[in-house]
Amino acid sequence: MKKVIALVICVLMVVAVFAACQAEEAAPAAEEAAEEAAPAAEEAAEEPAAEEPAAEEEAPAEEPAAEPIKLDIGLYADAAGSYYDLLYEAMDGCAKLDPECDWTIDYQLGQGTATEQITAVENFITAGYDVICVIQNSVEATSECIAKCEDAGIPYFGLTHDFSSADNCTDAEGSIAFDFVQAGKYAGLDAAERGIHKIINIQGVLGQGSAGGQSRGLLLGLEEGGANLGADVEDILINERNAKYDGTQDTEIVFWGAGEWIADTAQKCMTDAITSLGPDGFDGVYVHNDPMCEGVIAAMENAGLDPKDYWIGCCNGREISWQWAKDGIMNLDCNQPAAFEGALAYQQVKAWAKGEDYRKWIHPYLTPYTEKTIAELEPTMIPCTDIDKFLEMYEAGTIDVDINSPEVKDMEAYAGK
(Lines give C-alpha, C1' and ligand atoms only; values in the text may rest on other atoms or scores of the structure.)
Protein backbone atom coordinates (compact mmCIF):
# COMPACT_ATOMS: atom_id res chain seq x y z
CA MET A 1 0.00 0.00 0.00
CA LYS A 2 2.82 2.36 0.84
CA LYS A 3 4.38 1.51 -2.50
CA VAL A 4 1.20 2.44 -4.35
CA ILE A 5 0.99 5.75 -2.57
CA ALA A 6 4.59 6.52 -3.37
CA LEU A 7 4.01 5.65 -7.01
CA VAL A 8 1.00 8.02 -7.26
CA ILE A 9 2.99 10.83 -5.68
CA CYS A 10 5.75 10.35 -8.26
CA VAL A 11 3.29 10.49 -11.15
CA LEU A 12 1.75 13.70 -9.80
CA MET A 13 5.14 15.32 -9.47
CA VAL A 14 6.03 14.43 -13.11
CA VAL A 15 2.75 15.95 -14.33
CA ALA A 16 3.38 19.16 -12.34
CA VAL A 17 6.88 19.54 -13.74
CA PHE A 18 5.61 19.01 -17.29
CA ALA A 19 2.82 21.66 -16.86
CA ALA A 20 5.31 24.18 -15.49
CA CYS A 21 7.52 23.74 -18.57
CA GLN A 22 4.58 24.29 -20.92
CA ALA A 23 3.65 27.53 -19.13
CA GLU A 24 7.18 28.88 -19.38
CA GLU A 25 7.22 28.20 -23.16
CA ALA A 26 3.81 29.89 -23.68
CA ALA A 27 4.71 33.08 -21.80
CA PRO A 28 7.34 34.38 -24.26
CA ALA A 29 5.03 33.60 -27.21
CA ALA A 30 2.22 35.58 -25.60
CA GLU A 31 4.58 38.45 -24.89
CA GLU A 32 5.78 38.45 -28.50
CA ALA A 33 2.19 38.45 -29.80
CA ALA A 34 1.33 41.33 -27.49
CA GLU A 35 4.38 43.31 -28.64
CA GLU A 36 3.46 42.73 -32.30
CA ALA A 37 -0.16 43.78 -31.74
CA ALA A 38 0.70 46.97 -29.84
CA PRO A 39 1.99 49.05 -32.84
CA ALA A 40 -1.05 48.10 -34.93
CA ALA A 41 -3.33 49.19 -32.11
CA GLU A 42 -1.43 52.47 -31.79
CA GLU A 43 -1.72 53.11 -35.57
CA ALA A 44 -5.40 52.34 -35.46
CA ALA A 45 -5.81 54.79 -32.61
CA GLU A 46 -3.96 57.50 -34.53
CA GLU A 47 -6.16 57.10 -37.69
CA PRO A 48 -9.31 59.24 -37.63
CA ALA A 49 -12.51 57.39 -37.19
CA ALA A 50 -14.36 56.71 -40.40
CA GLU A 51 -16.94 59.38 -41.06
CA GLU A 52 -20.54 58.44 -40.84
CA PRO A 53 -22.18 58.56 -44.32
CA ALA A 54 -23.81 61.95 -44.78
CA ALA A 55 -27.53 61.97 -44.65
CA GLU A 56 -29.02 62.52 -48.12
CA GLU A 57 -30.10 66.10 -48.69
CA GLU A 58 -33.77 66.52 -49.25
CA ALA A 59 -34.64 67.63 -52.82
CA PRO A 60 -36.16 71.11 -52.90
CA ALA A 61 -39.88 71.02 -53.24
CA GLU A 62 -41.09 71.72 -56.80
CA GLU A 63 -42.79 75.04 -57.25
CA PRO A 64 -46.44 74.65 -58.08
CA ALA A 65 -47.20 75.22 -61.79
CA ALA A 66 -48.46 78.68 -62.60
CA GLU A 67 -52.15 78.98 -63.21
CA PRO A 68 -52.92 79.19 -66.95
CA ILE A 69 -53.95 82.55 -68.37
CA LYS A 70 -57.74 82.46 -68.53
CA LEU A 71 -59.27 84.76 -71.14
CA ASP A 72 -62.66 85.17 -72.76
CA ILE A 73 -62.06 86.62 -76.22
CA GLY A 74 -64.57 88.04 -78.66
CA LEU A 75 -63.49 87.60 -82.31
CA TYR A 76 -65.61 89.29 -84.96
CA ALA A 77 -65.27 88.93 -88.74
CA ASP A 78 -67.03 91.30 -91.11
CA ALA A 79 -68.42 88.49 -93.26
CA ALA A 80 -68.34 84.76 -93.78
CA GLY A 81 -65.21 83.55 -95.51
CA SER A 82 -62.85 80.62 -95.42
CA TYR A 83 -59.90 82.97 -94.87
CA TYR A 84 -61.40 84.28 -91.62
CA ASP A 85 -62.34 80.76 -90.50
CA LEU A 86 -58.73 79.62 -90.99
CA LEU A 87 -57.41 82.59 -89.02
CA TYR A 88 -59.70 81.74 -86.10
CA GLU A 89 -58.82 78.03 -86.20
CA ALA A 90 -55.09 78.78 -86.13
CA MET A 91 -55.38 81.29 -83.27
CA ASP A 92 -57.50 78.89 -81.25
CA GLY A 93 -55.26 75.94 -82.12
CA CYS A 94 -52.06 77.70 -81.02
CA ALA A 95 -53.68 78.63 -77.69
CA LYS A 96 -54.84 75.04 -77.13
CA LEU A 97 -51.27 73.78 -77.66
CA ASP A 98 -50.02 76.17 -74.96
CA PRO A 99 -50.39 74.93 -71.36
CA GLU A 100 -50.13 78.54 -70.19
CA CYS A 101 -53.37 79.44 -71.96
CA ASP A 102 -56.95 78.69 -71.01
CA TRP A 103 -58.84 80.67 -73.60
CA THR A 104 -62.41 80.68 -74.86
CA ILE A 105 -62.81 82.41 -78.23
CA ASP A 106 -66.31 83.44 -79.26
CA TYR A 107 -66.09 83.67 -83.07
CA GLN A 108 -68.90 85.66 -84.68
CA LEU A 109 -69.60 86.58 -88.30
CA GLY A 110 -71.36 89.58 -89.81
CA GLN A 111 -72.84 90.10 -93.24
CA GLY A 112 -70.66 92.91 -94.47
CA THR A 113 -72.01 96.06 -92.83
CA ALA A 114 -70.34 98.63 -90.58
CA THR A 115 -73.34 98.63 -88.25
CA GLU A 116 -72.83 94.93 -87.53
CA GLN A 117 -69.20 95.50 -86.62
CA ILE A 118 -70.06 98.26 -84.16
CA THR A 119 -72.94 96.27 -82.65
CA ALA A 120 -70.80 93.18 -82.23
CA VAL A 121 -68.13 95.13 -80.36
CA GLU A 122 -70.77 96.75 -78.14
CA ASN A 123 -72.15 93.29 -77.32
CA PHE A 124 -68.67 91.97 -76.50
CA ILE A 125 -68.14 94.90 -74.14
CA THR A 126 -71.49 94.38 -72.45
CA ALA A 127 -70.76 90.67 -72.02
CA GLY A 128 -67.52 91.54 -70.23
CA TYR A 129 -65.01 89.92 -72.59
CA ASP A 130 -61.36 90.29 -71.62
CA VAL A 131 -60.10 90.91 -75.17
CA ILE A 132 -61.76 91.96 -78.44
CA CYS A 133 -60.32 91.10 -81.88
CA VAL A 134 -61.91 92.38 -85.09
CA ILE A 135 -61.63 91.82 -88.82
CA GLN A 136 -63.08 95.14 -89.88
CA ASN A 137 -65.75 96.30 -92.27
CA SER A 138 -64.28 99.78 -92.62
CA VAL A 139 -61.71 102.08 -91.07
CA GLU A 140 -64.45 104.44 -89.89
CA ALA A 141 -66.26 101.66 -88.03
CA THR A 142 -62.98 100.51 -86.53
CA SER A 143 -62.17 103.99 -85.25
CA GLU A 144 -65.52 104.05 -83.43
CA CYS A 145 -64.97 100.55 -82.03
CA ILE A 146 -61.49 101.41 -80.73
CA ALA A 147 -62.95 104.38 -78.85
CA LYS A 148 -65.67 102.22 -77.31
CA CYS A 149 -63.13 99.62 -76.17
CA GLU A 150 -60.82 102.26 -74.72
CA ASP A 151 -63.70 103.72 -72.69
CA ALA A 152 -64.50 100.22 -71.39
CA GLY A 153 -60.88 99.41 -70.59
CA ILE A 154 -60.84 96.40 -72.92
CA PRO A 155 -57.98 95.88 -75.41
CA TYR A 156 -58.82 96.02 -79.12
CA PHE A 157 -56.79 94.06 -81.67
CA GLY A 158 -57.32 94.53 -85.42
CA LEU A 159 -56.73 91.70 -87.90
CA THR A 160 -56.32 91.29 -91.68
CA HIS A 161 -57.10 94.85 -92.81
CA ASP A 162 -55.05 98.00 -92.23
CA PHE A 163 -56.69 100.80 -90.19
CA SER A 164 -53.62 103.04 -89.83
CA SER A 165 -55.51 105.97 -91.39
CA ALA A 166 -57.79 106.19 -88.32
CA ASP A 167 -56.87 109.11 -86.03
CA ASN A 168 -56.99 106.85 -82.96
CA CYS A 169 -55.33 103.81 -84.58
CA THR A 170 -52.59 103.58 -81.93
CA ASP A 171 -55.19 103.37 -79.15
CA ALA A 172 -55.63 99.78 -80.29
CA GLU A 173 -53.35 97.18 -78.71
CA GLY A 174 -52.27 95.69 -82.01
CA SER A 175 -52.77 95.34 -85.74
CA ILE A 176 -51.77 92.46 -88.01
CA ALA A 177 -52.17 92.71 -91.78
CA PHE A 178 -50.20 91.50 -94.75
CA ASP A 179 -48.59 94.22 -96.83
CA PHE A 180 -51.19 94.24 -99.58
CA VAL A 181 -49.54 97.14 -101.40
CA GLN A 182 -46.41 95.00 -101.69
CA ALA A 183 -48.49 92.04 -102.87
CA GLY A 184 -49.97 94.20 -105.63
CA LYS A 185 -46.50 95.47 -106.55
CA TYR A 186 -45.21 91.93 -107.04
CA ALA A 187 -48.02 91.40 -109.55
CA GLY A 188 -47.54 94.74 -111.31
CA LEU A 189 -43.81 94.18 -111.74
CA ASP A 190 -44.40 90.69 -113.10
CA ALA A 191 -47.07 91.89 -115.54
CA ALA A 192 -44.83 94.75 -116.77
CA GLU A 193 -41.92 92.38 -117.28
CA ARG A 194 -44.12 90.07 -119.37
CA GLY A 195 -45.49 92.95 -121.48
CA ILE A 196 -49.09 92.81 -120.21
CA HIS A 197 -50.95 96.03 -121.11
CA LYS A 198 -54.74 95.53 -120.74
CA ILE A 199 -55.62 94.29 -117.28
CA ILE A 200 -58.90 93.38 -115.59
CA ASN A 201 -58.78 94.13 -111.84
CA ILE A 202 -61.10 91.97 -109.68
CA GLN A 203 -60.98 93.50 -106.19
CA GLY A 204 -62.23 92.22 -102.83
CA VAL A 205 -64.56 94.19 -100.57
CA LEU A 206 -64.03 97.88 -101.18
CA GLY A 207 -63.30 100.03 -98.13
CA GLN A 208 -61.64 97.33 -96.04
CA GLY A 209 -58.12 98.45 -96.88
CA SER A 210 -56.70 95.29 -98.39
CA ALA A 211 -58.56 95.74 -101.68
CA GLY A 212 -57.42 99.34 -102.08
CA GLY A 213 -53.90 98.35 -101.06
CA GLN A 214 -53.63 95.67 -103.74
CA SER A 215 -54.98 97.95 -106.45
CA ARG A 216 -52.53 100.68 -105.48
CA GLY A 217 -49.68 98.18 -105.43
CA LEU A 218 -50.62 96.80 -108.84
CA LEU A 219 -50.44 100.30 -110.38
CA LEU A 220 -47.20 101.15 -108.57
CA GLY A 221 -45.64 97.89 -109.71
CA LEU A 222 -46.66 98.49 -113.33
CA GLU A 223 -45.21 102.00 -113.17
CA GLU A 224 -42.00 100.82 -111.50
CA GLY A 225 -41.70 98.11 -114.13
CA GLY A 226 -41.67 100.71 -116.91
CA ALA A 227 -45.34 100.77 -117.95
CA ASN A 228 -46.79 104.16 -118.91
CA LEU A 229 -50.15 104.55 -117.17
CA GLY A 230 -50.90 107.96 -118.68
CA ALA A 231 -52.13 109.37 -115.35
CA ASP A 232 -51.17 109.71 -111.71
CA VAL A 233 -51.68 106.54 -109.67
CA GLU A 234 -53.82 108.29 -107.06
CA ASP A 235 -56.00 109.83 -109.79
CA ILE A 236 -56.54 106.40 -111.34
CA LEU A 237 -57.47 104.93 -107.95
CA ILE A 238 -59.97 107.69 -107.22
CA ASN A 239 -61.61 107.76 -110.64
CA GLU A 240 -60.99 104.22 -111.83
CA ARG A 241 -62.16 104.07 -115.45
CA ASN A 242 -62.84 107.80 -115.49
CA ALA A 243 -59.20 108.71 -114.81
CA LYS A 244 -57.83 111.68 -116.74
CA TYR A 245 -55.40 109.94 -119.05
CA ASP A 246 -52.95 112.11 -120.96
CA GLY A 247 -52.99 110.00 -124.10
CA THR A 248 -49.53 108.55 -123.66
CA GLN A 249 -50.50 105.43 -121.76
CA ASP A 250 -49.48 102.02 -123.02
CA THR A 251 -50.96 100.12 -120.06
CA GLU A 252 -54.44 100.42 -118.59
CA ILE A 253 -56.80 98.82 -116.11
CA VAL A 254 -59.55 98.14 -118.63
CA PHE A 255 -62.15 96.80 -116.17
CA TRP A 256 -62.71 97.21 -112.43
CA GLY A 257 -64.91 94.82 -110.47
CA ALA A 258 -65.56 93.91 -106.83
CA GLY A 259 -65.76 90.16 -106.26
CA GLU A 260 -66.22 90.54 -102.47
CA TRP A 261 -63.69 87.75 -101.82
CA ILE A 262 -66.00 84.96 -103.03
CA ALA A 263 -65.98 82.82 -106.17
CA ASP A 264 -69.57 83.34 -107.35
CA THR A 265 -69.44 87.13 -107.26
CA ALA A 266 -66.04 87.17 -108.94
CA GLN A 267 -67.28 84.80 -111.65
CA LYS A 268 -70.12 87.20 -112.42
CA CYS A 269 -67.67 90.15 -112.55
CA MET A 270 -65.40 88.28 -114.93
CA THR A 271 -68.30 87.20 -117.13
CA ASP A 272 -69.38 90.86 -117.38
CA ALA A 273 -65.82 91.87 -118.26
CA ILE A 274 -65.51 89.27 -121.03
CA THR A 275 -68.90 90.29 -122.41
CA SER A 276 -67.91 93.97 -122.36
CA LEU A 277 -64.36 93.66 -123.67
CA GLY A 278 -64.40 90.55 -125.83
CA PRO A 279 -61.65 87.93 -125.77
CA ASP A 280 -59.11 90.34 -127.29
CA GLY A 281 -59.97 93.28 -125.07
CA PHE A 282 -57.67 92.15 -122.25
CA ASP A 283 -54.46 90.17 -121.89
CA GLY A 284 -54.30 89.83 -118.12
CA VAL A 285 -56.37 89.56 -114.94
CA TYR A 286 -55.34 90.54 -111.43
CA VAL A 287 -57.52 88.84 -108.78
CA HIS A 288 -57.26 89.75 -105.09
CA ASN A 289 -57.60 86.23 -103.64
CA ASP A 290 -57.68 82.58 -104.72
CA PRO A 291 -61.38 81.85 -104.07
CA MET A 292 -62.25 84.69 -106.46
CA CYS A 293 -59.68 83.32 -108.88
CA GLU A 294 -61.63 80.07 -109.00
CA GLY A 295 -64.62 82.10 -110.20
CA VAL A 296 -62.51 83.99 -112.73
CA ILE A 297 -61.10 80.78 -114.22
CA ALA A 298 -64.59 79.27 -114.37
CA ALA A 299 -65.91 82.36 -116.21
CA MET A 300 -63.08 82.18 -118.75
CA GLU A 301 -63.62 78.47 -119.38
CA ASN A 302 -67.40 78.96 -119.69
CA ALA A 303 -66.71 81.61 -122.33
CA GLY A 304 -64.54 79.19 -124.27
CA LEU A 305 -61.27 80.91 -123.30
CA ASP A 306 -58.12 79.10 -122.21
CA PRO A 307 -56.79 80.70 -118.98
CA LYS A 308 -53.25 79.79 -120.08
CA ASP A 309 -53.58 82.28 -122.95
CA TYR A 310 -53.79 85.17 -120.46
CA TRP A 311 -51.63 86.47 -117.64
CA ILE A 312 -53.23 85.79 -114.23
CA GLY A 313 -51.89 87.34 -111.04
CA CYS A 314 -53.20 86.94 -107.52
CA CYS A 315 -52.54 87.27 -103.81
CA ASN A 316 -53.46 84.49 -101.35
CA GLY A 317 -51.22 81.59 -102.19
CA ARG A 318 -53.44 78.70 -101.21
CA GLU A 319 -52.52 75.13 -102.07
CA ILE A 320 -54.90 75.16 -105.06
CA SER A 321 -52.84 77.99 -106.51
CA TRP A 322 -49.63 75.98 -106.10
CA GLN A 323 -51.17 73.47 -108.50
CA TRP A 324 -52.36 76.20 -110.85
CA ALA A 325 -48.79 77.46 -111.02
CA LYS A 326 -47.49 73.95 -111.78
CA ASP A 327 -50.12 73.68 -114.53
CA GLY A 328 -49.14 77.04 -116.04
CA ILE A 329 -52.48 78.70 -115.24
CA MET A 330 -51.29 80.98 -112.41
CA ASN A 331 -48.42 83.27 -113.36
CA LEU A 332 -47.88 85.14 -110.09
CA ASP A 333 -49.26 84.56 -106.60
CA CYS A 334 -48.11 85.22 -103.02
CA ASN A 335 -48.20 82.75 -100.15
CA GLN A 336 -50.39 84.73 -97.72
CA PRO A 337 -51.74 82.25 -95.17
CA ALA A 338 -54.49 83.30 -92.78
CA ALA A 339 -53.06 80.77 -90.31
CA PHE A 340 -49.93 82.91 -90.06
CA GLU A 341 -52.09 85.83 -88.93
CA GLY A 342 -53.85 83.61 -86.40
CA ALA A 343 -50.52 82.50 -84.89
CA LEU A 344 -49.34 86.11 -84.60
CA ALA A 345 -52.66 87.19 -83.03
CA TYR A 346 -52.27 84.46 -80.39
CA GLN A 347 -48.73 85.72 -79.63
CA GLN A 348 -49.85 89.37 -79.35
CA VAL A 349 -52.78 88.59 -77.04
CA LYS A 350 -50.70 86.31 -74.81
CA ALA A 351 -47.93 88.92 -74.47
CA TRP A 352 -50.51 91.59 -73.62
CA ALA A 353 -52.08 89.30 -70.97
CA LYS A 354 -48.66 88.66 -69.37
CA GLY A 355 -47.78 92.37 -69.35
CA GLU A 356 -44.83 91.80 -71.70
CA ASP A 357 -43.55 94.09 -74.44
CA TYR A 358 -44.43 92.94 -77.95
CA ARG A 359 -44.51 94.18 -81.54
CA LYS A 360 -47.89 95.82 -82.01
CA TRP A 361 -48.10 96.86 -85.69
CA ILE A 362 -46.83 94.13 -87.97
CA HIS A 363 -46.87 92.71 -91.50
CA PRO A 364 -46.48 88.92 -91.79
CA TYR A 365 -44.12 88.19 -94.66
CA LEU A 366 -45.26 87.24 -98.17
CA THR A 367 -43.62 84.66 -100.43
CA PRO A 368 -44.25 85.40 -104.14
CA TYR A 369 -44.04 82.55 -106.63
CA THR A 370 -44.51 81.98 -110.35
CA GLU A 371 -44.97 78.99 -112.61
CA LYS A 372 -41.17 78.94 -112.88
CA THR A 373 -40.35 79.05 -109.15
CA ILE A 374 -43.17 77.04 -107.55
CA ALA A 375 -41.30 73.72 -107.53
CA GLU A 376 -38.37 75.21 -105.63
CA LEU A 377 -40.44 77.25 -103.16
CA GLU A 378 -43.29 74.86 -102.37
CA PRO A 379 -41.44 72.90 -99.64
CA THR A 380 -40.81 76.14 -97.70
CA MET A 381 -44.31 77.60 -97.94
CA ILE A 382 -46.74 77.82 -95.03
CA PRO A 383 -49.90 75.68 -95.32
CA CYS A 384 -52.97 77.79 -96.03
CA THR A 385 -55.99 75.52 -95.88
CA ASP A 386 -54.70 72.49 -93.95
CA ILE A 387 -54.83 73.73 -90.35
CA ASP A 388 -53.86 70.36 -88.88
CA LYS A 389 -50.68 70.38 -90.94
CA PHE A 390 -50.05 74.02 -90.04
CA LEU A 391 -50.35 73.30 -86.32
CA GLU A 392 -48.15 70.22 -86.64
CA MET A 393 -45.43 72.27 -88.36
CA TYR A 394 -45.91 75.12 -85.89
CA GLU A 395 -45.46 72.80 -82.90
CA ALA A 396 -42.41 71.17 -84.52
CA GLY A 397 -40.87 74.57 -85.29
CA THR A 398 -40.43 73.82 -89.00
CA ILE A 399 -42.12 77.05 -90.14
CA ASP A 400 -41.19 80.58 -89.17
CA VAL A 401 -44.26 82.27 -87.70
CA ASP A 402 -42.55 83.91 -84.71
CA ILE A 403 -43.63 87.47 -83.98
CA ASN A 404 -39.96 88.43 -83.47
CA SER A 405 -38.75 86.97 -86.75
CA PRO A 406 -36.79 89.54 -88.80
CA GLU A 407 -38.95 88.52 -91.77
CA VAL A 408 -42.00 89.93 -89.98
CA LYS A 409 -41.96 93.65 -90.75
CA ASP A 410 -43.20 96.64 -88.78
CA MET A 411 -45.99 98.67 -90.38
CA GLU A 412 -44.43 101.93 -91.49
CA ALA A 413 -47.80 103.67 -91.43
CA TYR A 414 -47.83 103.60 -87.61
CA ALA A 415 -44.39 105.12 -87.22
CA GLY A 416 -44.53 108.42 -85.30
CA LYS A 417 -48.25 108.20 -84.51
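Located above this text is the structure these notes cover.
Residues numbered from 1 in each chain as written. Predicted model: local features only at pLDDT ≥ 70, side-chain atom pairs only at ≥ 80, totals over all residues. Heavy atoms only, no water.

K.L.:
Report on empty space enclosed by the protein, specifying residues and quantitative values.
P.N.:
Sizing a probe to match a water molecule and rolling it over the atoms shows the empty space that remains. Counting across every chain of the model gives one cavity of 30 Å³ or more. Of the pockets and cavities examined, the largest cavity occupies roughly 30 Å³. Around the largest cavity sit Tyr83, Leu86, Asn316, Arg318, Gln336, Pro337, Ala338, Cys384 and Thr385, which together line it. Looking at the lining of the largest cavity residue by residue, the class counts come to five nonpolar, three polar and one charged. (1 Å grid on protein atoms, 1.4 Å probe; cavity = no way out; pocket = protein on both sides within 12 Å on 5 of 7 lines; lining within 4 Å. Points joined across faces, edges and corners; volume = space filled by probe spheres on them. Nonpolar A, V, L, I, M, F, W, Y, C, P; charged D, E, K, R; others polar.)

K.L.:
Go over a negative patch on the surface with me, naming the residues and quoting the values.
P.N.:
Together, Glu89, Asp386, Asp388, Glu392 and Glu395 make up a region of like negative charge exposed at the surface. In terms of residue count, the dominant contributor to the negative patch is helix H13 (residues 387–396) (three residues). Looking at the element boundaries, glutamate 395 is found in helix H13. (Patch = residues over 30% accessible without salt bridge, like charges linked within 9 Å, V, L, I, M, F, W, Y side chains within 5 Å. Areas by Shrake-Rupley, 256 points an atom, 1.4 Å probe, with all protein chains shown as cover. Salt bridge = Lys/Arg side-chain N within 4 Å of Asp/Glu carboxyl O. Lys, Arg positive; Asp, Glu negative; His and termini not counted. Charge placed at Lys NZ, Arg CZ, Asp CG, Glu CD. Helix = DSSP H or I, 4+ residues; strand = E, 2+ residues; numbered from the N terminus.)

K.L.:
So what's going on with the packing of aromatic side chains? Which residues, and what values?
P.N.:
Taken as a whole, this structure holds eleven aromatic pairs when the rule is applied. Centre to centre, the rings of tyrosine 156 and phenylalanine 163 are 6.4 Å apart; their planes meet at 90°, and the pair counts as edge-to-face. Ring geometry for phenylalanine 340 versus tyrosine 365: centroids 5.0 Å apart, planes at 70°, classification edge-to-face. On the criterion of sequence distance, the pair formed by phenylalanine 340 in helix H11 (residues 338–353) and tyrosine 365 in the loop between strand S11 (361–363) and strand S12 (367–370) is long-range, its members being 25 residues apart. Here phenylalanine 340 falls in the buried class, since its relative accessible area comes to 0%. Look at tyrosine 365 and you get buried, because its relative accessible area is 18%. (Phe/Tyr/Trp six-rings, centres within 6.5 Å; stacked < 30°, edge-to-face > 60°. Buried < 20%, exposed > 50% of the residue type's maximum accessible area, 1.4 Å probe, protein only.)

K.L.:
So what's going on with the packing of helix H9 (residues 290–302) against helix H10 (residues 319–327)? Residues and values would help.
P.N.:
The description of two helices packed together rests on the angle between their axes and the distance between the axes. The N-to-C vectors of H9 and H10 enclose an angle of 45°; their axes lie 9 Å apart at closest approach. In terms of orientation, H9 and H10 fall into the oblique class. For the element pair H9 and H10, the recorded crossing hand is left-handed. Contact residues: Asp290, Cys293, Glu294 and Ile297 in H9; Ile320, Ser321 and Trp324 in H10. Taken together, the residues that form the contact of H9 with H10 break down as four nonpolar, one polar and two charged. (Axes fitted to C-alpha atoms, helices over the stretch in contact; angles between N-to-C directions. Parallel < 35°, antiparallel > 145°, perpendicular 65-115°, else oblique. Left-handed = near helix turned anticlockwise from the far one by under 90°. Contact = heavy atoms within 4.5 Å.)

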